[in-house]
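Working through the structure, step by step
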Amino acid sequence: MNLLEVKNGKWVRVLNFRGGSGMQRRLSQLGFLPGNEVRIVRSAPFHGPLLIEVEGREIVLGRGIASHILVEYK
């Protein structure tokens, strides 16, 4: 499943990414490495961005990028 399919408050484990090397490099810099656990803090209404906790930080990701992050429930 991708990150958009995860409910608020749930923890998931990053499996992989779909996309080019530039996107993979940027997501890795933000802490989205395979095996890392992330939590959906909040999903903005009306197709807004996601607030995500990763490695003790909260970051905002747009839905387009979030759809490229493959995850599984831990």
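Below is a short write-up of the structure. (Residues numbered from 1 in each chain as written. Predicted model: local features only at pLDDT ≥ 70, side-chain atom pairs only at ≥ 80, totals over all residues. Heavy atoms only, no water.)

1. Here we look at the overall build of the protein
Regarding its fold elements, the protein presents two helices and five strands. Seen in sequence order, the protein has helices and strands lined up from the N terminus as β-α-β-β-β-α-β. Computed over C-alpha atoms, the radius of gyration of the protein comes to 11 Å, within 12% of the 11 Å expected from 2.2 N^0.38 for 74 residues, which places it in the range of a compact globule. C-alpha extents for the protein along the principal axes are approximately 30 × 25 × 25 Å. For the protein, the residues scored as buried account for 34% of the 74 residues in total. The contacts of the protein with a sequence gap of at least 6 include a subset with a gap of at least 24, amounting to 59%. Of the accessible surface of the protein, which amounts to about 4,300 Å², a share of 52% is contributed by carbon and sulfur atoms. Charged side chains in the protein number 11 positive and 6 negative. The centres of these two groups are separated by 5 Å. (Helix = DSSP H or I, 4+ residues; strand = E, 2+ residues; numbered from the N terminus. Rg over C-alpha atoms; globule rule 2.2 N^0.38 Å. Buried < 20%, exposed > 50% of the residue type's maximum accessible area, 1.4 Å probe, protein only. Contact = heavy atoms within 4.5 Å. Areas by Shrake-Rupley, 256 points an atom, 1.4 Å probe, with all protein chains shown as cover. Lys, Arg positive; Asp, Glu negative; His and termini not counted. Charge placed at Lys NZ, Arg CZ, Asp CG, Glu CD.)

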